[in-house]
Each structure stands twice: as C-alpha cells, then as structure tokens.
Amino acid sequence: MTTEQPIRVLVVEDDPVAADAHVMYVGRVPGFTAVGKAHSGAEARRVLDRTPVDLLLLDLHLPDVHGLQLARSLRAAGHHADVIAVTSARDLAVVREGVSLGVVQYVLKPFTFATLRDRLVRYAEFRGTAGEASGQDEVDRALATLRAPGPAALPKGLSGPTLERVTGTLRGAEGGLTAAGVAEAVGISRITARRYLEHLVEAGRAAREPQYGTVGRPELVYRWIRGTERGR
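None of these values were measured; they are calculated from a predicted model.

Caption draft 1: Representation of the nonpolar core in the model. The biggest cluster of nonpolar side chains holds 22 residues, and the ones touching the most others in it are L10, V12, L56, L58 and L70. Put simply, the parts of the chain that give this core at least two residues each are β1 (7-12), α2 (41-50), β3 (55-59), α3 (67-76), β4 (82-87) and β5 (103-108). Among the elements that take part in this core, α3 stands out by supplying four residues, more than any other. If we ignore the near neighbours within four places in the chain, the residues touching V12 are A38, S40, A44, L56, L57, L58, D59 and L62. One finds V9, V11, F111 and F113 within the second-largest nonpolar core, a separate group that totals 18 residues.

Caption draft 2: Structural context of the environment of V186. Summarising the element assignment, V186 is placed in helix α8 (residues 179-186). In this structure V186 comes out as buried when scored by relative accessible area, which is 13%. Taking the C-alpha atoms as reference, V186 lies 9.6 Å from G168; in sequence the two are 18 residues apart. Excluding residues that lie within four positions of it along the chain, V186 makes contacts with R165, V166 and T169.

Caption draft 3: A look at the environment of L116. Structurally, the position occupied by L116 is in helix α5 (residues 113-127). Measuring from C-alpha to C-alpha, the distance between L116 and L57 comes to 9.9 Å, with 59 residues separating the pair along the chain. In this structure L116 touches Y25, L57, V107 and F111, once residues within four positions along its chain are discounted.

Caption draft 4: Just the packing of aromatic side chains, in detail. The final tally for this structure, using the stated rule, is one aromatic pair. Taking 5.5 Å as the distance between ring centres and 55° as the angle between the ring planes, the aromatic pair formed by Y25 and F113 counts as tilted. One end of the pair, Y25, is in helix α1 (residues 16-27); the other, F113, is in helix α5, and 88 residues separate them in sequence. Of the two residues, Y25 and F113, both sit in the buried class. Lying over the aromatic face of F113, R28 brings its terminal NZ or CZ to 3.9 Å of the ring centre. Geometry around W224 places R171 over its ring, the cationic atom sitting 4.9 Å from the centre.

Caption draft 5: Expanded view of the pattern of salt bridges. Following the criterion strictly, the structure yields seven salt bridges and no others. Among the ionic pairs, R8 bridges to D54, the shortest N-O distance being 3.0 Å. Here R8 is found in strand β1, whereas its partner D54 is found in the loop between α2 and β3, with 46 residues between them in sequence. For R8, a relative accessible area of 32% translates into the label partly exposed. The class for D54 is buried, based on a relative accessible area of 11%.

Caption draft 6: Summary view of the sheet that holds β1. The strand order β2-β1-β3-β4-β5 describes an open sheet built from five strands, whose pairing is parallel. Unpaired on one side and paired on the other, β2 (32-38) and β5 mark the two borders of the sheet. With direction set aside, neighbouring strand axes in the sheet form an average angle of 20°. Relative to the sheet, α3 contacts β3, β4 and β5, its axis offset from that of β3 by approximately 150°. Of the strands in this sheet, β1, β2, β3, β4 and β5 touch α5, which is tilted by about 170° from β5.

Caption draft 7: Molecular detail of the packing of helix α7 (residues 160-171) against α8. Their axes nearest at 10 Å, the elements α7 and α8 cross at an angle of 120°. Classified by the interaxial angle, the pair formed by α7 and α8 is oblique. Between α7 and α8 the crossing geometry is right-handed. Here R165, V166 and T169 of α7 come into contact with α8, specifically with V182, A185 and V186. Among the residues making up the contact of α7 with α8, the classes are represented as four nonpolar, one polar and one charged.

Caption draft 8: Seen up close, the packing of α2 against α3. Packing of α2 against α3 leaves a shortest axis separation of 11 Å and a crossing angle of 30°. Overall, the two elements α2 and α3 adopt an arrangement that is roughly parallel. Relative to α3, the crossing made by α2 is right-handed. Side by side, α2 and α3 meet where G41, A44, R45 and L48 of the first sit next to L70, S73 and L74 of the second. Considering only residue class, the contact of α2 with α3 consists of four nonpolar, two polar and one charged.

Basis of the calculations
- Residues numbered from 1 in each chain as written.
- Predicted model: local features only at pLDDT ≥ 70, side-chain atom pairs only at ≥ 80, totals over all residues.
- Heavy atoms only, no water.
- Core = buried A, V, L, I, M, F, W, Y, C linked by side-chain atoms within 4.5 Å.
- Buried < 20%, exposed > 50% of the residue type's maximum accessible area, 1.4 Å probe, protein only.
- Helix = DSSP H or I, 4+ residues; strand = E, 2+ residues; numbered from the N terminus.
- Contact = heavy atoms within 4.5 Å.
- Phe/Tyr/Trp six-rings, centres within 6.5 Å; stacked < 30°, edge-to-face > 60°.
- Lys NZ or Arg CZ within 6 Å of the ring centre and 35° of its normal.
- Salt bridge = Lys/Arg side-chain N within 4 Å of Asp/Glu carboxyl O.
- Pairing = 2+ DSSP bridges.
- Axes fitted to C-alpha atoms, helices over the stretch in contact; angles between N-to-C directions.
- Parallel < 35°, antiparallel > 145°, perpendicular 65-115°, else oblique.
- Left-handed = near helix turned anticlockwise from the far one by under 90°.
- Nonpolar A, V, L, I, M, F, W, Y, C, P; charged D, E, K, R; others polar.

Distances and angles like these do not, on their own, reveal function.
So this is what it looks like as structure tokens:
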C-alpha cells in the first residue's frame, strides 16, 4: 500500500519569530510538512538546491531580494515549486505579476493560523486534481478551489473594534504589557484582555513570556511581533 507523501513546504521569511510561527503553522496542517526555513533569498536558493520542495511560503520583502524577483530567478534556474506569497503589500500590480510566476495564493499579514490553514487546504485540493476535464464547468471548479472565502470570523465573544484597540495598545508598548496593563489601557476586564492577547498569540502576531518578580508566580508579558506589521 502506497502512502501519499506530504506536501513539502519551505518557509522563506526574514523575521526569525515569524518564520518559526509559520513553520509551526505548516506542521499543524495534515498533509503538509515544513522541510526548512530561510531568512533570505540566497539562503532559500541553497535550501532548494539540496532539498526537494513543492511549495514556498514566501515573504515578498527579503533583505537581499524582492520575493517576486526570487521567484523569477528560481523559475529560470529550473525550480518549479508553487508559491504562496506572504506580504503586507496590497499593490494589485504586484499580485498580477505574481500570477505569471507561479504565485497561487496571497496571504496578507497579519494573518491567523486558520487563514493559512484554509489556503493550504485549498492548495492541496487544487494540487490533487488530475485527469482530463469533462468540460468548462470542471475546469472552473478546479480553479475555484484556490479562491478563498470571506474573512474568517473572530472566536466567539471577541469583537473587531476591541481587537483593534488591544492590537494598537500592544503595538505601541515597546517593552510589552501584561493582561492587566492592556485591560487598564483599553478599559476592559483583565480576563477579557487575556482572551484577546491569547488570540493574537495564536494568530502569530504576539508572543508571550514569563516575567519573574520578587514574590509569587511569574506574570505573563505580551509583546507585539514587529514582523507582522511591516509594509511589504
């Protein structure tokens, strides 16, 4: 019995914290495996030269090359991995250019695990199509698998306006904030603030770490991940 091989993904992202989050996200989606990560275009080329890759999760703003330039050079060198572009840029001219270079999906930063999971599942469905189409409808259905639905709803009990206030407060805090600090700044309860902060952690937009005081248990401090807000 032949076991279907997982789709091999290379994460190309210059921000180390974001790269680790994306690798973790990929590993949580059945049928996918992260085979490595690269923090620059040059590093991505080295990985591709020695490791089989089916899909690039590609940040468009790398320190040594624009992501689309990297995709173009990889095509010229004979690398045929598909690309899901990860970017904060909303320039539709860039989107059009990417289509010709094998960019099958765009994921706008900041994004949640659920958003990336949806794109990966849709890509897997599209990749799994085979054989000869019976007609235009079947071709249209195959291409439609790549189209994303509307934005994913927030977890029950969370609201968009409050999330924006919590996000803005955390983004502006250089040293990070506790749930109590966010609660006081936003005007919500500490428990509610923690729910929003944990949502941001789950989405890969914030990180948490214990802060040890002089007495008692350590308190969690949340900080914004800067790589999720850069214009790209």
